[in-house]
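Each chain is listed here by its residues.
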Amino acid sequence: MKTQLDKSFEVPQSTELVWEHLIDPEKIMDCVPGVTIDEKVGENHYKGKVGMKFGPMGVKYDADIHYNEIDKANRKIIITGEGVDSKGNGNAEMMMTIDLSERAEGGVKLDAIMDVTVNGKIAQFGSRLITTVSNQLFKQFVSNFSKKLAEAEAAA
Amino acid sequence: MFKCKTSPEVGGMGHSVKRKEDARFLHGKGKYTDDVKLPGMLHMVIVRSPYAYAKILSINKEKALAIDGVLAVITGEDLAQYNLHWMPTLLSDSQMVLPTDTVMHQSQEVCAVIATDRYIAVDGAEAVDVQYEPMKAIVNPFKALDEDAPLLRPDKEGQKDNHIYHWERGEREKTDAAIAAADVVVKERIHLPRIHVASIETCGVVASYDKDTEKMLIYLTSQAPHAIRTILALVAGHVGLSEEKIRIIAPDIGGGFGGKVPVYPGYVIAIAASFLIGKPVKWIEDRSENLVNGFARDYHMDCELAATKDGKIQAFKVSTLADHGYTDSSANPSKYPTGMFSICTGSYDYEHAFAELDAVYTNKAPGGVAYRCSFRVTEAVHAIERMVDKLAAEIGKDPAQLRFENFIKKEDFPYASPLGWSYDSGDYKQTLEKAMDMIGYADYKKEQAEKRAQGKLMGIGICTFTEVVGAGPSKDFDILGIKMFDSAEIRVHPTGKALARFGTKSQGQGHETTYAQILAEELGIPYTDIEIDEGDTDTAPYGLGTYASRSTPTAGAAAAIAARKLRDKGKKIAAHLLEVSEEDIEWEVGKYFVKGAPEKSKTIQDVAFAAYTNFPEGMEPGFEATHYYDPPNLTFPNGAYICVVEVEEETGAIDVKRFVAIDDCGNIINPMIVEGQIHGGLTQGIAPAMYEGIVYDDEGNVLNGTLMDYLVPTAVESPHWETGHTITPSPHHPLGAKGVAESPTVGAPPAIANAIIDALYPLGIKHLDIPITPDKVWDAIQVAKAKA
């Protein structure tokens with residue numbers, strides 16, 4: 001099944017600092033609950049794991065993550081990911097576009113659009129929960145990401 | 001009305017005696033397939049595909065086999081060694097038992113794990129490592145025939161696209177011409193969604209092969225054990241499973257509804273596993289496996305109904321696209337790929353009709369079971385009954401009045417329908433009048449006018465259906481060549497008690513009571529003295545089983561005729577005992593007496609005793625009879641249902657205020673059981689009308705594969721059903737009975753849909769497909785308001 005998340009949030013840090021975090025998978029993926037990056041396998045291509053629980057169903061995807069577009073001039077990135085559940089319960093695909101825009105009053109606004117397609121048991125048993133769980137995960141991500149930026153800012 | 005011929009103690013036809021089987025069910029003592037436990041029994045769990053369409057790259061059994069207690073992992077390659085990886089379907093298509101290279105729908109069987117208990121088997125199934133290469137699935141049946149659609153069944157010789165078959169009946173040109181010339185033509189595309197029977201008991205099997213005796217004993221959730229045994233012998237004969245060595249026992253069944261007619265791959269894998277291992281193997285489907293395998297309905301019907309401007313129906317045309325999933329495994333009679341869909345001309349008298357259907361493959365589960373309906377009658381009735389209401393709305397005529405003006409008249413029976421059926425009997429006018437009286441139709445029409453004036457949404461929906469059941473006459477009806485007769489075998493013991501066995505199989509219908517009542521009616525032996533036995537192929541006479549409301553029309557008739565054979569023999573014995581000639585003996589229920597001297601009599605029990613102890617010289621001893629009944633025609637139960645609903649405009653919530661069901665199923669064996677059947681059937685009618693529908697996404701994932709998401713109505717959702725009946729006996733059935741179990745499932749959905757659409761009509765909403773849920777109604781209201 002397909003689901004789309006369309007989210008915006010704001011952080012008080014500088015565009016430069018936010019951008020630096022965004023293009024570094026180690027930094028950004030660390031903020032997404034259940035996601036780990038294991039290795040860099042090529043230019044803008046990483047392997048990692050994505051584990052999530054949707055009500056009664058858990059999945060653990062072996063994932064390939066690509067930075068398809070890093071457009072510094074326009075402060076825009078496109079990340080795609082695809083994963084196959086390690087227990088053979090299905091697969092998932094994700095495409096995320098993030099746009100940064102500097103705010104007049106300071107800080108940065110991030111506009112994220114995420115298209116997610118899941119197949120297999122998650123779609124079958126968890127479809128009702130996907131939007132709710134995704135919203136929850138996104139909230140946690142925003143909180144983790146903001147914290148990480150604040151730490152980085154303080155350390156600088 | 002029907003007048004009882006027997007006392008309540010004898011309990012013949014027309015008595016609402018309590019069900020004999022209920023004591024064990026109410027005490028929790030029913031014995032179902034999952035209750036069967038055999039020494040050394042192994043358990044099987046199936047690994048299923050997460051994808052709707054994928055190549056299987058590899059199946060690695062290693063980790064599963066390393067688990068203590070896992071004995072085997074069976075794959076398609078394993079079965080291919082015995083040529084058991086594919087099986088034929090009833091309609092000459094082919095279905096995978098286990099795949100060797102490709103999976104064709106989500107949840108398709110991929111391999112099976114055999115272990116010492118079920119928990120270990122589940123762990124084993126999780127440990128099997130299957131690598132897939134997912135492919136783009138065809139989910140929308142309308143796209144299955146696109147030029148660029150991938151060919152789903154390259155395994156079938158000569159198959160060039162995803163089209164399975166074309167079927168048609170009637171006169172295309174004349175119907176088209178009548179439609180072209182008509183004053184009024186109403187058109188609609190109507191979809192009857194994919195639904196599931198969702199019986200409480202899932203499917204299951206315990207197969208036990210004894211290598212020494214070479215006997216295969218199979219406990220099976222089957223509505224048709226004899227037919228399954230023959231099919232098994234035909235498809236597995238080459239490995240040594242010979243029909244006389246196969247014994248199938250269908251124990252108690254917790255709901256069949258057509259879903260337990262087919263042969264599922266799980267059955268075959270378990271049987272093959274037992275055969276190879278030489279130990280009993282049990283497989284019981286879990287709830288989600290049950291919900292995502294098999295289906296009913298899924299017809300997209302383009303309908304056109306033509307009439308004069310004052311509403312005389314002239315022609316009906318329906319062109320259907322049927323989504324069969326990846327194989328046509330419909331459980332239909334051989335010559336009827338679309339079942340009895342041609343009953344779609346309905347209860348109305350007109351000359352021209354044409355029905356055609358194209359069936360296509362998609363990446364969905366196969367099935368096409370006749371869910372509580374005599375092979376596609378639900379689809380047919382929904383089409384005509386929605387269209388009749390649409391016509392009534394179009395020309396501004398009361399839908400009841402429109403029906404009265406078009407009904408086939410009582411005196412026109414037997415009626416030759418434009419698509420070739422011979423309706424046996426009916427009095428449609430009387431039935432609808434009774435329903436209108438019971439509900440207070442005229443008052444509701446007034447109330448509706450008042451409510452509409454206040455801007456409130458209230459609707460009244462009617463359905464006056466004609467069913468076609470009791471398949472069927474041998475000249476037309478067979479399954480894999482086996483004619484669709486059914487059978488009864490009666491054995492009256494010396495003490496006058498009896499055992500009767502049948503080729504059918506109850507799944508909750510109450511056969512142990514109603515068959516005993518038929519015999520009580522015919523022989524005068526109290527129904528409590530008659531044991532009924534079904535479902536064991538070693539003991540029961542051959543029959544095609546219970547589905548399509550066929551038990552009373554076929555096996556019930558066989559019981560009556562077998563009993564009459566016994567009565568004829570009894571007459572000779574009575575004449576011998578009373579020392580008169582046979583011509584001087586007369587019969588009244590339960591006893592023979594001498595003409596003109598009623599005090600000189602012998603009871604049926606006296607005669608039974610004499611059949612073993614004091615029979616006339618030269619007569620064959622014993623008191624037994626068997627009959628195999630080949631019906632001369634089908635039976636045509638009918639009814640008039642009226643539903644009143646209110647719809648809340650702000651939320652789309654639908655409240656069914658009243659529902660009246662008047663059924664004419666001919667003579668009634670047990671009114672209480674009939675009423676129970678109708679209550680259950682109406683609830684299974686409101687189910688697709690307002691709640692149920694299997695939802696697929698574009699990738700072929702089933703999005704509601706659990707009972708959390710697939711909404712089966714419970715007592716909470718069920719309105720108060722009000723029932724009644726009229727009786728026009730079937731002229732050709734020995735008891736004048738017709739069968740009833742399916743009428744309410746067929747008749748309720750259009751009555752409810754018609755009522756809801758009638759409620760929404762003032763907003764300009766002219767059609768909604770079922771299930772009509774509050775969010776569908778709400779959406780339609782928003783669209784209608786935006787247009788206005």
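Residues numbered from 1 in each chain as written. Chains lettered and ligands numbered in written order. Predicted model: local features only at pLDDT ≥ 70, side-chain atom pairs only at ≥ 80, totals over all residues. Heavy atoms only, no water.

1. Structural notes on the sheet that holds strand 2 (residues 54-60) of chain B
Either a parallel or an antiparallel arrangement is found when strands of a sheet pair, and the pairing is made through backbone hydrogen bonds. All names here are of chain B. Inclusion rule: Here, strands pair whenever DSSP counts at least two bridges between them. By definition, any uninterrupted DSSP run of H or I lasting at least four residues is a helix, any uninterrupted run of E lasting at least two residues is a strand, and each is numbered from the N terminus.
One open sheet accounts for three strands, arranged 6-2-8; its pairing is antiparallel. Looking along the sheet, the strands with just one partner apiece sit at the ends: strand 6 (102-103) and strand 8 (129-134). Sheet analysis places strand 2 next to strand 8, joined by six bridges and oriented antiparallel. Bridge pairing in strand 8 links Ile59 to Val130.

2. Some thoughts on the nonpolar core
Residues and elements named next belong to chain B. The following threshold applies: In this text, buried Ala, Val, Leu, Ile, Met, Phe, Trp, Tyr and Cys residues form a nonpolar core when linked through side-chain atoms within 4.5 Å. The buried label goes to any residue with under 20% of its type's maximum accessible area, the exposed label to any with over 50%, and the partly exposed label to all in between, with areas taken from a 1.4 Å probe on protein chains only.
Ile218, Phe316, Trp421, Phe659 and Ile756 are the most contacted members of the largest nonpolar core, which totals 186 residues. Looking at which element gives the most residues to this core, the answer is helix 17 (residues 743-760), with 10 residues. In terms of nonpolar packing, the next biggest core, distinct from the first, is built from 47 residues, Ala516, Ile532, Ile585 and Ala597 among them.

3. Topic: the packing of helix 9 (residues 377-395) of chain B against helix 10 (residues 399-406) of chain B
Residues and elements named next belong to chain B. Under the convention used in this document: Fitting a line to C-alpha atoms yields each axis, with helices limited to the stretch in contact; the angle taken between N-to-C directions then spans 0 to 180 degrees. An angle below 35 degrees is treated as roughly parallel, one above 145 as roughly antiparallel, one from 65 to 115 as roughly perpendicular, and anything else as oblique. For any helix crossing, the convention is left-handed if the near helix is rotated counterclockwise from the far helix by under a right angle, and right-handed if that rotation is clockwise. Pairs of residues are marked as contacts when any of their non-hydrogen atoms sit within 4.5 Å. Gly falls in the polar group here, along with every residue not listed as nonpolar (Ala, Val, Leu, Ile, Met, Phe, Trp, Tyr, Cys, Pro) or charged (Asp, Glu, Lys, Arg).
Remark: helix 9 packs on helix 10, axes separated minimally by 9 Å, with the N-to-C direction vectors making an angle of 115°. One element, helix 9, and the other, helix 10, form an angle in the roughly perpendicular class. Crossing of helix 9 over helix 10 shows right-handed handedness. Contacts between helix 9 and helix 10 involve Glu385, Val388, Asp389, Leu391, Ala392 and Ile395 on the former and, on the latter, Pro399, Leu402 and Arg403. Within the contact of helix 9 with helix 10, the residues separate by chemical class into six nonpolar, no polar and three charged.

4. Regarding unusual backbone geometry
All names here are of chain B. Residue Pro414 is bonded to the preceding Phe413 through a cis peptide linkage, with omega at -5°. Residue Gly472 is bonded to the preceding Ala471 through a cis peptide linkage, with omega at -20°. One can find Gly472 in the loop between strand 20 (457-466) and strand 21 (478-479). Within the chain, Phe257 stands out as a residue other than glycine whose phi angle is a positive 55°. Looking at the secondary structure, you find Phe257 in the loop between strand 13 (246-249) and helix 7 (265-277). Its relative accessible area of 25% is what places Phe257 among the partly exposed residues. Backbone geometry places Phe375, a non-glycine residue, at a positive phi of 60°. Relative to the assigned elements, Phe375 resides in the loop between strand 17 (352-360) and helix 9.

5. Topic: the domain arrangement of chain B
As a measure of interface size, the accessible area lost when the parts come together is often cited. Residues and elements named next belong to chain B. The cut-off we apply is this: For each domain, the first and last residues come from an automatic or database assignment. What gets called buried area is simply the loss in accessible area from a 1.4 Å probe that two parts show on being joined, summed for both. Side-chain atoms alone can form a polar contact between residues adjacent in sequence; in general such a contact is a pair of N or O atoms within 3.5 Å, and within protein one must be able to donate a hydrogen while the other accepts it.
Partitioning chain B into domains gives domain 1 (22-30 + 486-629), domain 2 (33-135 + 203-285) and domain 3 (377-467 + 633-787). For domain 2 versus domain 3, the distance between C-alpha centres works out to 40 Å. Facing the four residues of domain 2 at the interface are five residues of domain 3. With both sides pooled, the region where domain 2 packs onto domain 3 buries about 310 Å², and carbon together with sulfur makes up 37% of that total. When the area that domain 2 buries against domain 3 is broken down by residue, the three leading residues are Ala52, Gln106 and Phe257, summing to 96%. At the junction of domain 2 with domain 3, the criterion picks out two residue pairs in polar contact (both at pLDDT 80 or more). When its residues are assigned to classes, the side of domain 2 that touches domain 3 shows three nonpolar, one polar and no charged.

6. Things to note about the UniProt feature "domain: Aldehyde oxidase/xanthine dehydrogenase a/b hammerhead" (unreviewed entry) in chain B
Rules: UniProt positions are given in the numbering used here, feature names are shortened, and annotations may be inferred rather than shown by experiment.
In this structure's numbering, the residues bearing the UniProt feature "domain: Aldehyde oxidase/xanthine dehydrogenase a/b hammerhead" (unreviewed entry) are residues 27-136 of chain B. The distance from the first to the last C-alpha atom of residues 27-136 of chain B is 51 Å, and the span holds 17% helix and 37% strand.

7. Looking at the pattern of salt bridges
Heads up, the rule is: By definition, a salt bridge exists where a carboxyl oxygen of Asp or Glu is found within 4 Å of a side-chain nitrogen of Lys or Arg.
For the structure on display, the rule yields 60 salt bridges over all chains. With a closest N to O distance of 2.8 Å, Glu105(A) and Arg103(A) form a salt bridge. The exposure class assigned to Glu105(A) is exposed, which follows from its relative accessible area of 60%. Of the charged contacts in the structure, one is a salt bridge between Asp93(B) and Arg153(B), with a shortest N-O distance of 3.6 Å. Placement of the pair is Asp93(B) in the loop between strand 4 (86-88) and strand 5 (94-96) and Arg153(B) in the loop between strand 8 and strand 9 (163-170), with a sequence separation of 60 residues. What makes Asp93(B) buried here is its relative accessible area of 5%. By relative accessible area, which is 1% here, Arg153(B) ends up buried.

8. Digging into the confidence of the model for chain B
Test applied: Per-residue confidence from the predictor is given as pLDDT, running between 0 and 100.
Chain-level pLDDT for chain B is 97 on average; 100% of the residues reach the 70-or-more range. Interface predicted TM-score (ipTM) for the complex: 0.90; the corresponding pTM is 0.95.

9. Structural notes on the packing of aromatic side chains
Residues and elements named next belong to chain B. Note the cut-off: Whether two aromatic rings pair depends on their centres lying within 6.5 Å, for rings of Phe, Tyr and Trp, where Trp uses its six-membered ring; planes under 30 degrees apart make the pair stacked, over 60 edge-to-face, and the rest tilted. Note on criteria: charge over ring means Lys NZ or Arg CZ within 6 Å of the ring centre, with the direction from the centre no more than 35 degrees off the ring normal.
All told, the structure shown has 30 aromatic pairs over all chains when counted by the stated rule. In textbook terms, an aromatic cluster arises when at least three aromatic residues are bridged by ring pairs, as seen for Tyr348, Phe404, Phe407, Phe413 and Tyr428. The aromatic ring of Phe25 is capped on one face by Arg24, whose charged end is 4.7 Å from the ring centroid. A cation over an aromatic ring shows up here: Arg550 above the ring of Tyr547, its NZ or CZ 5.4 Å from the ring centre.

10. Digging into the interface of chain A and chain B
With 17 residues of chain A at the contact, the number on the chain B side is 19 residues. Buried area between chain A and chain B, summed over both chains or domains, comes out near 1,400 Å², and the portion from carbon and sulfur atoms is 44%. Our count for the chain A to chain B interface comes out at three salt bridges. Ionic pairing is found between Lys87(A) and Glu126(B), a salt bridge with its closest N-O pair at 3.3 Å. If you list the elements that add at least two residues to the side of chain A that touches chain B, you get strand 7 (108-118) and helix 3 (121-155) of chain A. Among the elements that take part in the side of chain A that touches chain B, helix 3 of chain A stands out by supplying five residues, more than any other.

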